[in-house]
Amino acid sequence: MTRERRIPPPDRNALRTQSLILRTTGFFLLPLLLLFALFLLLRGHNAPGGGFIAGLVASAAIAVHLFAMSEAGARRVLRVDPRDLFAWGLILALVAGVLGLFSGQPFLTAHWLTVSLPVFGELKLGSPLLFDLGVFLVVVGTASTIIINLAEQDT
Amino acid sequence: MNLLVILPILIPLTAGALSLLGRHSQRVQAALAVIGSVALVASAVALLLATWEHGHIVTELGRWPAPFGIVLVSDLLAAIMILLSAVTGAATAFYSLGSISIAHRKGGYFPLMHLLLAGVNGAFLTGDIFNLYVWFEVMLVASFSLLILGGERAQMEGAVKYVTLNLVSSALFLSAIGLLYGLVGTLNMADIAVKLGEVDSGMTTVIAMLFMVAFGIKAAAFPFFFWLPASYHTPQVAVSALFAGLLTKVGVYALFRVFTLIFDMDDPLIHQVLLWGAGLTMITGVLGAAAQFEFRRILSFHIVSQIGYMMMGLALASVSVLALAGGIFYIIHHIIVKANLFFVSGLVYRLRGSYELKQLGGLYRDKPWLALLFLIPALSLAGMPPLSGFFGKFIVIRGGVEAGAWALVAAALVVGLLTLYSMTKIWAEVFWKAAPEHTASAPSGSNTLLYATVTGLALITVAIGLGAQPVLVLAQAAAEQLLDPTRYITAVLGEAP
Amino acid sequence: MTSLMALVVGVLYAAAIYMMLRRSIVKLVIGLVLLSNAANLLIFTAAGLRRDAPPLVPDDAQVPAGLVADPLAQALILTAIVIGFGVLAFAVVLIRRAYEVVEADDMHQMRDTDT
């Protein structure tokens with residue numbers, strides 16, 4: 001299968017999909033940006049980064065895909081309704097906060113769990129990561145809802 | 001303790017998120033609305049009891065110590081406001097179940113309602129000035145979406161004004177926070193209060209005035225109230241009632257908090273501005289209402305006029321504790337009564353299909369029970385004994401007499417009379433006069449839930465009126481706490497401020 | 001530098017208010033954008049302009065080395081930008097819908113709900 005055939009054909013209804021350059025770059029940018037978002041999400045605890053900025057990068061990826069392909073394509077990339085992402089993100093963030101309450105400490109107090117893995121050595125899992133994941137989902141959900149809805153109104 | 005303070009924010013947020021997930025099922029949404037609002041009332045009662053018993057309850061989020069982290073503080077005023085917001089929220093939830101159409105529910109009505117309550121409660125509880133801004137915005141975003149739900153022309157026009165003025169207010173609030181942070185280098189309100197006492201700068205007055213304008217817009221005080229009567233009569237009536245009960249009062253709460261804790265009420269300029277603002281808000285609001293002939297617009301203008309009484313309580317706080325207690329009592333009374341009046345207007349609309357006084361009539365003959373349910377909050381609003389409004393006005397005015405603010409006392413009395421005029425106008429036009437020829441629109445669906453809500457709120461009004469003494473004791477305790485900021489500061493920052 | 005920033009902030013506020021006083025709702029939103037940016041820049045200026053290192057703690061230390069910039073002011077601005085972005089996105093959607101129902105980009109056509 002040649003590379004050209006894997007790039008989706010232009011959608012005749014929408015004017016913005018006419019640019020071959022945008023479609024081609026959009027095709028490659030989407031996985032790269034999503035990977036970068038994951039990187040930012042995970043390194044956010046000791047270095048600049050975190051759920052918020054990762055969410056922005058991920059929604060930028062989806063926005064690029066939307067401009068390059070179509071609204072329906074952007075929805076397909078997300079697979080779920082962005083509003084569900086928002087709701088799940090909020091629940092995850094709240095759960096991360098509530099974990100502190102169980103041990104009689106204030107809301108949002110961080111809790112850490114150290115897991116030893118055979119290959120990677122020690123891995124520290126903490127409720128801040130859960131919170132960041134929640135923030136990530138909230139940001140992706142909100143930004144994509146806004147972008148997709150605006151684009152769908154436009155056509 | 002930690003749990004109690006966070007619950008009023010946690011419950012509506014969780015209910016909102018779950019309600020959004022279950023947006024395809026009407027049953028799930030309805031169940032969450034009921035469970036969420038009842039749980040909120042329960043947690044609010046528990047918080048008020050705990051605060052009454054232990055004094056200030058403070059929780060440091062994420063165990064970051066004050067003044068570096070964000071704290072949530074519950075003092076009596078905050079706990080009272082939380083309870084009121086929970087009661088209004090519960091009433092709105094029940095009323096909405098009987099009145100909001102399926103189309104609106106699919107537009108996200110219930111998640112937004114929960115989110116609005118979370119924002120309001122967050123604003124009441126936070127002890128951090130920037131966090132207050134964030135909660136204001138949470139509340140605003142939810143209210144924007146609720147306001148335009150349905151998308152009719154009047155809603156759009158009202159929303160443009162509502163959104164603009166509120167965003168201007170937010171920008172001013174943010175500017176004030178920026179200047180304040182530049183001056184004292186902290187955001188914790190208790191810490192600001194300590195540090196601002198050590199700073200001697202003309203900037204303090206500038207910042208105070210910026211806060212007053214920002215919160216004045218949110219509270220719909222004179223001369224910033226024009227957005228309110230231009231928008232509050234446009235959305236669904238349950239939304240109108242929720243807004244009328246709660247949103248402006250968040251602005252009033254912020255005024256109460258900031259001008260008792262952070263800024264010195266002895267500053268003659270602040271004192272004078274508040275006094276004049278209070279008087280003019282009362283008078284312009286009630287005169288505006290006198291010129292209106294639309295049910296919800298009359299009520300909207302009365303919100304403005306009642307804000308004046310609350311501001312009067314605050315303006316006289318430095319001279320008379322009783323006035324401040326009266327202001328708090330007035331807030332308690334006003335939230336319940338005003339939401340209820342909007343609910344009644346919604347019932348009238350369902351029976352007759354109009355809010356225009358000219359097209360209404362004859363409801364006393366058809367629905368005497370509804371007429372009684374209107375009369376209780378209406379007379380309470382006008383200040384008839386033995387209902388809650390009488391004691392609210394009486395205490396504020398007595399505070400005014402103690403403080404010797406005779407002009408303001410006179411204004412308050414005249415405004416009370418004009419309120420009675422407005423309420424009589426509604427009574428005569430909607431209930432008493434014969435129905436116009438062409439009233440058709442048969443009632444649709446069951447109204448049991450709506451009547452139950454209105455009756456419940458009316459009973460609370462009567463209860464506050466008949467049992468005014470305990471409420472007054474509570475309001476006085478809250479006022480004394482407010483007037484002694486050192487207690488708040490010690491509770492937040494520890495023993496050595 | 002501070003006085004230059006103060007000037008910029010002042011001009012931004014003035015431009016924002018000028019735009020908001022126009023009749024067009026599009027210009028109203030532009031005014032709101034300018035206003036929120038003016039407020040952000042004001043925080044930045046009021047918190048103190050200094051040429052210090054970024055407030056990052058090195059891996060093997062408990063506190064940042066040397067003088068660092070105040071991270072709180074930047075956090076405030078970041079939060080305010082995010083909130084401003086969300087609210088303004090809403091405002092754009094709103095004026096779009098308002099334009100569709102009123103069929104005019106003119107505040108003077110929107111007086112039905114006034115008194």
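What you are looking at is a predicted structure, and each value in this text was computed from that prediction instead of being measured.

The helix and strand tally for chain C stands at three helices and zero strands. Going from the N terminus to the C terminus, chain C shows its helices and strands as α-α-α. Here chain C has a C-alpha radius of gyration of 20 Å; the compact-globule value for 115 residues is 13 Å, and the former is much larger. If you sum the accessible surface of chain C, you get close to 6700 Å²; carbon and sulfur atoms cover 64% of it. In chain C, the 8 positive side-chain charges and the 10 negative ones have mean positions that sit 9 Å from each other.

It is worth spelling out the overall build of chain B at this point. Counting its regular elements, chain B contains 21 helices and two strands. Scaling as 2.2 N^0.38, a compact globule of 497 residues should have a C-alpha radius of gyration of about 23 Å, and chain B matches this with 21 Å. Projected onto its principal axes, the C-alpha positions of chain B cover 70 × 55 × 40 Å. Out of the 497 residues belonging to chain B, those deemed buried represent 66%.

Turning our eyes to something else, we now look at the packing of aromatic side chains. Residues and elements named next belong to chain B. Tallied over the full model, the rule gives 32 aromatic pairs over all chains. Between Tyr 133 and Phe 173, the ring centres sit 6.0 Å apart and the planes meet at 75°, which makes this aromatic pair edge-to-face. Note that Tyr 133 is positioned in helix α6 (residues 129-147) and Phe 173 in helix α7 (residues 153-184), a separation of 40 residues in sequence. Here Tyr 162 and Trp 227 contribute two aromatic rings whose centre-to-centre distance is 5.4 Å and whose plane-to-plane angle is 70°, an arrangement assigned as edge-to-face. In this pair, Tyr 162 sits in helix α7 while Trp 227 sits in helix α10 (residues 227-231), placing the two residues 65 residues apart along the sequence. Exposure remark for Trp 227: the relative accessible area of 3% places this residue in the buried category. The cationic tip of Lys 393 hangs over the ring face of Tyr 309; the distance from NZ or CZ to the ring centre is 4.9 Å.

On the side of chain B, 16 residues touch chain A, which itself brings 17 residues to the contact. Carbon and sulfur atoms supply 74% of the area that chain A and chain B bury against each other, a total of about 1500 Å² over both sides. In terms of surface lost to chain B, no three residues of chain A exceed A:Leu94, A:Pro106 and A:Phe107, which account for 31% of the buried area on that side. Inspection of the region where chain A meets chain B yields two salt bridges. When the shortest N-O distance is used, the salt bridge between A:Asp81 and B:Arg23 registers 3.1 Å. Of the residues contributing to the side of chain A that touches chain B, the split by class is eleven nonpolar, three polar and three charged.

Here the focus is the UniProt feature "transmembrane region" (unreviewed entry) in chain C. Residues annotated by UniProt as "transmembrane region" (unreviewed entry) correspond here to residues 6-21, 28-49 and 72-95 of chain C. Taken end to end, residues 28-49 of chain C comprises 86% helix and 0% strand; its first and last C-alpha atoms sit 31 Å apart.

According to UniProt, the feature "domain: NADH:quinone oxidoreductase/Mrp antiporter transmembrane" (unreviewed entry) maps to residues 128-419 of chain B in the numbering used here. Between the end C-alpha atoms of residues 128-419 of chain B there is a gap of 38 Å, over a span that is 80% helix and 0% strand.

This part is about the interface of chain B and chain C. The interface of chain B with chain C comprises 36 residues on the first partner and 35 residues on the second. Summing both sides of the interface, chain B and chain C together bury roughly 3000 Å²; the carbon and sulfur share of this comes to 77%. The interface formed by chain B and chain C includes zero salt bridges. Our count for the chain B to chain C interface comes out at three residue pairs in polar contact (both at pLDDT 80 or more). Elements that contribute at least two residues to the side of chain B that touches chain C include exactly α6, α7, α10 and α13 (295-315) of chain B. Looking at which element gives the most residues to the side of chain B that touches chain C, the answer is α7(B), with 19 residues.

Its place among the elements puts A:Ala96 in helix α5 (residues 82-102). Linking A:Ala96 and A:Val140, residues 44 residues apart in sequence, is a C-alpha distance of 18 Å.

All right, on to the pairing of strand β2 (residues 71-74) of chain B then. Residues and elements named next belong to chain B. Side chains of β2 alternate between two faces, with Val 71 and Val 73 and Leu 72 and Ser 74 buried alike. The pairing of strand β1 (residues 57-60) with β2 spans four bridges and is antiparallel. Pairing of Val 58 across the sheet is with Val 73, part of β2.

Residue and element names in this part refer to chain B. Tracing the backbone shows Gln 481 in helix α20 (residues 468-483). Sequence separation between Gln 481 and Ser 300 is 181 residues, and the spatial gap between their C-alpha atoms is 31 Å. Filtering out sequence-adjacent residues up to four positions away, Gln 481 remains in contact with Gly 55, His 56, Asp 75, Leu 76 and Arg 487.

With that settled, the discussion passes to the packing of α7(B) against helix α8 (residues 189-198) of chain B. Residue and element names in this part refer to chain B. Between α7 and α8, the least distance of the axes is 10 Å, while the angle of their chain directions is 60°. The orientation of α7 relative to α8 falls into the category oblique. Between α7 and α8 lies a crossing of left-handed hand. Touching Leu 180, Leu 183 and Val 184 of α7 are Ile 192, Lys 195 and Leu 196, all from α8.

Here we come to the pattern of salt bridges. If you walk through the whole model with that rule in mind, you get ten salt bridges over all chains. Here B:Arg23 makes a salt bridge to A:Asp84, at a shortest N to O gap of 3.0 Å. Pair noted here: B:Arg23 is in the loop between α1 (2-21) and α2 (26-54) and A:Asp84 is in helix α5, and the two residues belong to different chains. Overall, the relative accessible area of 19% leaves A:Asp84 in the buried class. Of the charged contacts in the structure, one is a salt bridge between B:Asp191 and B:Lys195, with a shortest N-O distance of 3.0 Å.

Let us now look at the confidence of the model for chain C. Caution applies to low-pLDDT regions: their predicted coordinates should not be interpreted in detail. Residues and elements named next belong to chain C. For chain C, mean pLDDT is 87; residues scoring 70 or higher make up 99% of the total. At the low end of the mean pLDDT range in chain C sits helix α3 (residues 71-102), at 88; at the high end sits helix α1 (residues 2-20), at 94. Listed scores for the predicted complex are pTM 0.92 and ipTM 0.94.

To continue, consider the packing of helix α14 (residues 321-352) of chain B against α20(B). Residues and elements named next belong to chain B. Running from amino to carboxyl end, α14 crosses α20 at an angle of 120°, the nearest separation of the two axes being 8 Å. By the angle between their axes, α14 is oblique relative to α20. The interaxial crossing formed by α14 with α20 has right-handed handedness. Residue-level contacts link Val 321, Leu 322, Leu 324, Ala 325, Ile 328, Phe 329 and Ile 332 of α14 to Ala 468, Val 471, Leu 472, Ala 475, Gln 476, Ala 478, Ala 479, Glu 480, Leu 482 and Leu 483 of α20. Taken together, the residues of the contact of α14 with α20 break down into 15 nonpolar, one polar and one charged.

What counts, and where the lines are drawn
Residues numbered from 1 in each chain as written. Chains lettered and ligands numbered in written order. Predicted model: local features only at pLDDT ≥ 70, side-chain atom pairs only at ≥ 80, totals over all residues. Heavy atoms only, no water. Helix = DSSP H or I, 4+ residues; strand = E, 2+ residues; numbered from the N terminus. Rg over C-alpha atoms; globule rule 2.2 N^0.38 Å. Areas by Shrake-Rupley, 256 points an atom, 1.4 Å probe, with all protein chains shown as cover. Lys, Arg positive; Asp, Glu negative; His and termini not counted. Charge placed at Lys NZ, Arg CZ, Asp CG, Glu CD. Buried < 20%, exposed > 50% of the residue type's maximum accessible area, 1.4 Å probe, protein only. Phe/Tyr/Trp six-rings, centres within 6.5 Å; stacked < 30°, edge-to-face > 60°. Lys NZ or Arg CZ within 6 Å of the ring centre and 35° of its normal. Contact = heavy atoms within 4.5 Å. Buried area = accessible area lost by both parts, 1.4 Å probe. Salt bridge = Lys/Arg side-chain N within 4 Å of Asp/Glu carboxyl O. Nonpolar A, V, L, I, M, F, W, Y, C, P; charged D, E, K, R; others polar. UniProt positions renumbered as here; feature names shortened; annotations may be inferred. Polar contact = N/O pair within 3.5 Å; in protein donor to acceptor, adjacent residues only side chain to side chain. Pairing = 2+ DSSP bridges. Axes fitted to C-alpha atoms, helices over the stretch in contact; angles between N-to-C directions. Parallel < 35°, antiparallel > 145°, perpendicular 65-115°, else oblique. Left-handed = near helix turned anticlockwise from the far one by under 90°. pLDDT = per-residue confidence, 0-100.

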